[in-house]
Amino acid sequence: MMARDVVVTGIGLVSCAGEGIAAHLAAFASAETPRTDATTFAPYPVHPVAPLALDTQIPKKSDQRQMEPWQRLGVYAAGLALDSAGVKDDAGFKAALQLIVAAGGGERDYAVDGAILSGLRGAAEPGAFLNERLLNDLRPTLFLAQLSNLLAGNISIVHGVTGASRTFMGEESSGVDALRIGHARITSGQIDTILVGSSYNAERPDVMVVHEMGGFLLKPAYRPVFERGQDEHHADPQGGPPGSLGGFVLGSAAAFLVLEAAEHARARGARAFARLMPVANDRVARAPGSVAASLTRLIGEVGLERPDLVLSGATGLADLAAEERAGIQAALPGADIRATGDLVGHPMETAAPFGTALAAALCAAGTAREVAITSVGHRRGEGVIRVGAA
Amino acid sequence: MAEPRSSSTHDAQGRPLVAVTGLGIVTSLGRGAAENWAALTAGRSGIRAITRFPTEGLRTRIAGTVDFLDTNPLVAPLLSERFAAVAAEEAVAQAGISAGTGAAGFPGALFVAVPPVEMEWPQREALAQAAGGDGAITYAGLQQAAASRRFDAWHDLFIFGTVADRLADRFGTRGSPISLSTACSSGATAIQLGAEAIRRGEMAAALCIGTDGSVNPESLIRFSLLSALSTQNDPPEAASKPFSKNRDGFVMGEGAAALVLESAESARARGAPILGYVLGCGEKGDGFHRTRSSPDGAPVIAAMRAALADAGIEPDAIDHVNAHGTSTPENDKMEALGVSAVFGERAGRLPISSNKSMIGHTLTAAGAIEAAVSLLTIRHGRIPPTINYAVPDPALLLDVVATARDARVSRVLSNSFGFGGQNTCLVLGDEPA
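Residues numbered from 1 in each chain as written. Chains lettered and ligands numbered in written order. Predicted model: local features only at pLDDT ≥ 70, side-chain atom pairs only at ≥ 80, totals over all residues. Heavy atoms only, no water.

### Looking at the overall build of chain B
Condition: Helix and strand assignments follow DSSP, with helices taken as H or I runs no shorter than four residues and strands as E runs no shorter than two, numbered in order from the N terminus. Each radius of gyration is computed over the set of C-alpha atoms, and the globule rule expresses the reference value as 2.2 Å times the number of residues to the power 0.38. For every residue, the accessible area obtained with a 1.4 Å probe (protein chains only) is divided by the maximum for its type, and the residue is called buried under 20%, exposed over 50%, and partly exposed between those limits. Contacts are residue-level and defined by heavy atoms, with any inter-residue pair within 4.5 Å sufficient. Here the open area of atoms and residues is found with the Shrake-Rupley method and a 1.4 Å probe, where only the protein chains shown may cover a residue.
A tally of helices and strands in chain B yields 13 helices and 16 strands. Here chain B has a C-alpha radius of gyration of 21 Å; the compact-globule value for 433 residues is 22 Å, and the two agree. Summarising its shape, the C-alpha atoms of chain B cover approximately 80 × 55 × 40 Å along the three principal directions. Each of the 433 residues in chain B was classed as buried or not, and the buried ones make up 67%. Of the contacts formed within chain B by residues at least 6 apart in sequence, a portion of 77% connects residues at least 24 apart. A total of about 13800 Å² of accessible surface is found on chain B, and carbon and sulfur atoms cover 51% of it.

Here is the structure:
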């Protein structure tokens, strides 16, 4: 079995911290409180995406109109990644470029949903009423803005990335899976190049309904990820002491990486930001201590010994964050752990690709020689990603 | 220098050969491979009037629903999980491979194609009701209802990873299960991901599933609004007519198929019967349009050729094409164009058939179900018909199998194409290439 080195040759980042590599390095260095909007979706704070000049990456207004925000964010960040890899105008490169996207689904039409729900209350024949309203009120193209695989589809259309795409779903762990499979396909010689990434729009009320069920959202204000858990406003669904659970603050973000076989990058004279090592992830049954043990084992599996930094994708749920830190410390005593949630919030599927892209940027800037990225999903999945200087 | 040769355990490129040692199927035609095979070769249709929900006012009122399995609540993710579990139970039993919650579990990972997950209308209504009041319902009201903690169990129901999570628990698969979508080629992609993992030597086996239980009002209406569905409701069984001149859209279907993929080396070592091989996988993206193929058919052609090249065979080595054949004007035209380009004048005498004529378009599950049917076709030497082929489209120069046909079938090309420029093709065979 071949084992080729895999390098990161393109990085595209968008979040509340801004867009591009420099903005995110600056935000990381400043360690300031991330931009937060605690009023629009109160009682839920969110980290809203910085304003984007969409035309620069999505030139056609017709394309912009066909997409909902989560797709526009992702297509935008994918364009930044292609630019930074120097391949935006290389049709041949993009025609061979594979694509894995980690994504959930798209936005709904909130006004239509509200009107239908209001009307259903008094409807004599609810089934017929629902049919009629959906048929008349749903925009036909909204479906395509919702389908999980249509972020990849839009990247193909807007940027001409047409190797072939696959979309992985399943919240946080799908972002790790995307990196793992992308890396494995290159290192084994199955492919030479792949664009891997994800996008998440937090500024939408439907996801807040889903994550309020289960009590996963932090209210009413942002607090640093590892300080959450004493928040008095958070009710414990299991009936434990109020405020013991913490919660996450959703953040709008997108992150894409161009991954390439090192020899392929060298041959075209491309700059390697960093090396991506084999990705390790697992899904252990959740029981006290199991997440910590899993992380410790995965850190060993990827061969991490002395990273300069650990970028944790901790969601903000206090018990999981504590396990995550314990698992990291057991394998890497004294490690410097920073939560990406304190930079961009929790962007769900995008958390691991974001951490990995930031790590590659930190390596390229000489800020770090080796970085570990950790992911513990709010319901399942643990992952460790290792990025080193090129 | 001698030509590279395949062996009983490795293909001509030196990669582990990927065998299929178990398969399971659920469709509107029934439960299990035997029931489905009997119905498919008898030309029976599983398309019927929808009874699951009121269809008043809808232009399309038919589907290939799986009505003999249900869940509580009846929502797409639970139905999809149920179909997948039934199909996978059959597949692992046939493979005689370890699976389940025991210490050993299944010796590989899970790759499952699942439909996109969303909260559905009955649940939205329940939240709206809990929100109370007489004023207009808004999402803020739904959020307040959710904060009552009464609906916490629905969180897991309506996030994307849960179906795979529960299947992974049930079958004891290893590592992080992958939930995936490539729209209507998802089932084929699940198989491709499993085959690639085995070829990389990461695992001895993979459990690959495509499942779809999303015939509900909103899903149906969304496809209807894109004018993708047949509106020829009466009689239901005549609506899906791939490659016919009077085809007018697809019919939604439900179901699942599961394949146990295994390295041939592992299968032989444990003496498992080999049902066939995944010889090649090919894919190609299309950046032309969100729902339409490039007019020249280049990506469709490239995907078919990539599958043949991956299998290390020439077009002449294909005996049968299990078509995507959705019965939409666009798909069948583009698929015929692609088949003609890849197979040349032989396209006119290469038997092609669409299972969707009987089970409808099972969407996320289609690629997996049709791969399973392709393997049954090889095993039985009998090609299931494309029913309702009464008025052939004269523009499509294909040998459409209108009634079940006995033929020696050694290698099948199974096509899957989807919205978003997804094109995935598989080559399945009885022996290594």
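### A closer look at the interface of chain A and chain B
For clarity, the threshold we go by: When two parts are brought into contact, each loses some accessible area as probed by a 1.4 Å sphere; the total of that loss over both is the buried area. Basic side-chain nitrogens of Lys or Arg form a salt bridge, by our definition, when they fall within 4 Å of a carboxyl oxygen of Asp or Glu. Pairs of N or O atoms within 3.5 Å make up the polar contacts considered here, provided that, within protein, one atom can donate a hydrogen while the other can accept it, and that residues adjacent in sequence are counted only when both atoms are side-chain atoms. Basically, the charged four are Asp, Glu, Lys and Arg, the nonpolar ten are Ala, Val, Leu, Ile, Met, Phe, Trp, Tyr, Cys and Pro, and anything else, Gly included, counts as polar.
Opposite the 76 residues of chain A that make contact, chain B presents 75 residues. Summed over both partners, the interface of chain A with chain B buries about 6600 Å², with 60% contributed by carbon and sulfur atoms. Ranking the residues of chain A by area buried against chain B places Met169, Met213 and Arg283 of chain A at the top, with a combined share of 11%. Inspection of the region where chain A meets chain B yields 12 salt bridges. A salt bridge links Asp165 of chain B to Arg283 of chain A; the shortest N-O distance between them is 2.6 Å. Across the contact surface, chain A and chain B share 41 residue pairs in polar contact (both at pLDDT 80 or more). Considered class by class, the residues forming the side of chain A that touches chain B number 31 nonpolar, 28 polar and 17 charged.

### Examining the side chain of Asp152 of chain B
Residues and elements named next belong to chain B. As for its placement among the helices and strands, Asp152 is situated in the loop between α4 (139-146) and α5 (153-157). The exposure class of Asp152 is buried, given its relative accessible area of 18%. Within the structure, the side chain of Asp152 is placed 3.0 Å from the side chain of Arg149, a separation counted as a polar contact.

### Looking at empty space enclosed by the protein
Inclusion rule: Grid points spaced at 1 Å and placed over the protein atoms alone form the basis of the search, with a cavity being a set where a 1.4 Å probe fits but cannot get out and a pocket an open set showing protein on both sides within 12 Å along at least five of seven lines. Lining residues have an atom within 4 Å of a point. Grid points are joined across faces, edges and corners, and a volume is the space filled by probe spheres set on the points. The split into domains, and so the bounds of each, comes from an automatic or database assignment of domains.
The final tally for this structure, using the stated rule, is 6 cavities of 30 Å³ or more. Estimated volume of the largest cavity: approximately 350 Å³. In terms of lining, the largest cavity is formed by 26 residues, of which the most central are Arg204, Asp206, Val207 and Val210 of chain A together with Phe160 of chain B. Elements with a minimum of two residues in the lining of the largest cavity: β5 (193-200) and α10 (205-212) of chain A together with α4 of chain B. In terms of residues, the lining of the largest cavity owes the most to one element, α10 of chain A, which gives 5 residues. Classifying every residue of the lining of the largest cavity gives 13 nonpolar, 6 polar and 7 charged. In terms of domain composition, the lining of the largest cavity takes at least three residues from each of domain 1 (18-118 + 158-429) and domain 2 (121-157) of chain B. Roughly 70 Å³ of volume is contained in the second largest cavity. Every residue along the wall of the second largest cavity is listed here: Met169, Gly170, Ser173, Asp282, Arg283, Arg380 and Gly381 of chain A together with Gly161, Ala164, Ser176, Pro177 and Ser179 of chain B.

### A look at the pairing of strand β4 (residues 164-169) of chain A
For the record, the criterion: Paired strands, in this sense, are two strands between which DSSP finds at least two bridges.
Within β4 of chain A, 6 of the 6 residues are buried, leaving the element largely enclosed by the surrounding structure. Burial of the side chains of β4 of chain A extends over both faces: Ala164, Arg166 and Phe168 of chain A are buried on one face and Ser165, Thr167 and Met169 of chain A on the other. Pairing of strand β3 (residues 98-102) of chain A with β4 of chain A involves 5 bridges; the strand directions are parallel. Within the sheet, the bridge partner assigned to Val101 of chain A lies in β4 of chain A and is Thr167 of chain A. When β4 of chain A meets strand β6 (residues 178-181) of chain B, the two strands line up antiparallel, connected through 3 bridges. Looking across to β6 of chain B, one finds that Thr167 of chain A is bridged to Ser181 of chain B.

### Considerations on helix α6 (residues 126-137) of chain A
This is how it is decided: Given a helix with a known number of residues, its expected span is that number minus one, times 1.5 Å.
With 12 residues, α6 of chain A ought to run about 16 Å at 1.5 Å a step, and its terminal C-alpha atoms sit 16 Å apart, in line with that. Buried-residue contacts for α6 of chain A involve α5 (110-120) of chain A together with α3 (121-131) and α8 (217-225) of chain B.

### Thoughts on the domain arrangement of chain B
Residue and element names in this part refer to chain B. Taken as a whole, chain B is organised into domain 1 (18-118 + 158-429) and domain 2 (121-157). Just the C-alpha atoms count here: the centres of domain 1 and domain 2 sit 36 Å apart. Buried surface at the junction of domain 1 and domain 2, summed over both partners, amounts to about 780 Å²; 56% is from carbon and sulfur atoms. Its largest share of buried area at the contact with domain 2, domain 1 owes to Phe158, Ile159 and Glu218, together 57% of the area lost on that side.

### Describing helix α1 (residues 21-30) of chain A
Residues and elements named next belong to chain A. How we decide: Here the arc refers to the directions that run from the helix axis out to each C-beta atom.
Every buried residue belonging to α1 is among His24, Leu25, Ala27 and Phe28, and all of these are buried. When α1 is viewed along its axis, its buried side chains cluster within an angular range of 160° and face the same direction. Among the exposed residues of α1, those pointing more than 90 degrees away from its buried face are Ala22 and Ala29. The inward-facing, buried residues of α1 contact β1 (6-15), β2 (18-19), β9 (309-312), β10 (337-339), α14 (341-344) and α15 (351-364).

### Describing the environment of Arg306 of chain A
All names here are of chain A. Within the secondary structure layout, Arg306 lies in the loop between α12 (290-301) and β9. Taking the C-alpha atoms as reference, Arg306 lies 7.9 Å from Ala335; in sequence the two are 29 residues apart. Other than its neighbours up to four places away in sequence, Arg306 contacts Arg369 and Glu370.

### So, the side chain of Thr362 of chain B
Residues and elements named next belong to chain B. Take Thr362: it is sitting in the loop between α12 (356-359) and α13 (366-380). We classify Thr362 as buried; its relative accessible area is 0%. Here the side chain of Thr362 touches Ala366 through a polar contact of 3.2 Å, landing on its backbone nitrogen. Other than its neighbours up to four places away in sequence, Thr362 contacts Asp212, Gly253, Glu254, Gly255 and Ile369.

### Focus: the layout of surface pockets
The calculated volume of the second largest pocket comes to roughly 710 Å³. Surrounding the second largest pocket, 31 residues form its lining, Gly189, Gln190 and Ile191 of chain A together with Arg15 and Asp310 of chain B being those nearest its centre. Its residues placed into classes, the lining of the second largest pocket shows 10 nonpolar, 11 polar and 10 charged.

### Comments concerning the nonpolar core
Selection criterion: To define a nonpolar core, start from buried Ala, Val, Leu, Ile, Met, Phe, Trp, Tyr and Cys residues and group those joined through side-chain atoms within 4.5 Å.
Counting 92 residues, the largest nonpolar core has Phe111 and Leu261 of chain B as the members making the most contacts within it. No other element matches the 9 residues that α15 of chain A contributes to this core. Excluding its chain neighbours within four sequence positions, the residues that come into contact with Phe111 of chain B are Ile178, Leu180, Ala190, Leu193, Gly194, Ala197, Met203, Ala206, Leu207, Cys208 and Ile209 of chain B. Counting residues in each nonpolar core, the second largest holds 81 residues, with Leu120 of chain A together with Leu69, Ala85 and Phe223 of chain B among its members.

### Here we look at the packing of aromatic side chains
Let me state the cut-off plainly: Between the rings of Phe, Tyr and Trp (Trp by its six-membered ring), a pair exists once the centres lie within 6.5 Å; its type follows the angle of the planes, with under 30 degrees stacked, over 60 edge-to-face, and the other angles tilted.
Taken as a whole and judged by the stated rule, the model has 6 aromatic pairs over all chains. Both rings, one in Tyr110 of chain A and one in Tyr139 of chain B, keep their centres 5.1 Å apart while their planes meet at 90°; by these two values the pair is edge-to-face. Placement of the pair is Tyr110 of chain A in helix α5 and Tyr139 of chain B in helix α4, with the two residues belonging to separate chains. Between Phe223 of chain B and Phe419 of chain B, the aromatic rings sit 6.3 Å apart at their centres with planes inclined by 50°, giving tilted as the arrangement.

### What to know about the packing of helix α10 (residues 298-311) of chain B against helix α11 (residues 329-343) of chain B
Residues and elements named next belong to chain B. The criterion, for reference: To get an axis, a line is fitted to the C-alpha atoms, and for a helix only the part in contact is used. The angle between two axes follows their N-to-C directions and goes from 0 to 180 degrees. Roughly parallel refers to an angle under 35 degrees, roughly antiparallel to one over 145, roughly perpendicular to one between 65 and 115, and oblique to any angle outside these ranges. By definition, any crossing whose near helix is turned counterclockwise from its far helix by less than a right angle is left-handed, and any crossing with a clockwise turn is right-handed.
Running from N to C, α10 and α11 cross one another at 50°; their axes reach a closest spacing of 9 Å. As the angle between them shows, α10 and α11 are arranged oblique. In the packing of α10 onto α11, the handedness of the crossing is right-handed. Taken together, the residues of α11 that come into contact with α10 (itself represented by Val300, Ile301, Met304, Arg305 and Leu308) are Met334, Glu335, Gly338, Val339, Ala341 and Val342. Broken down by class, the residue content of the contact of α10 with α11 amounts to 8 nonpolar, 1 polar and 2 charged.

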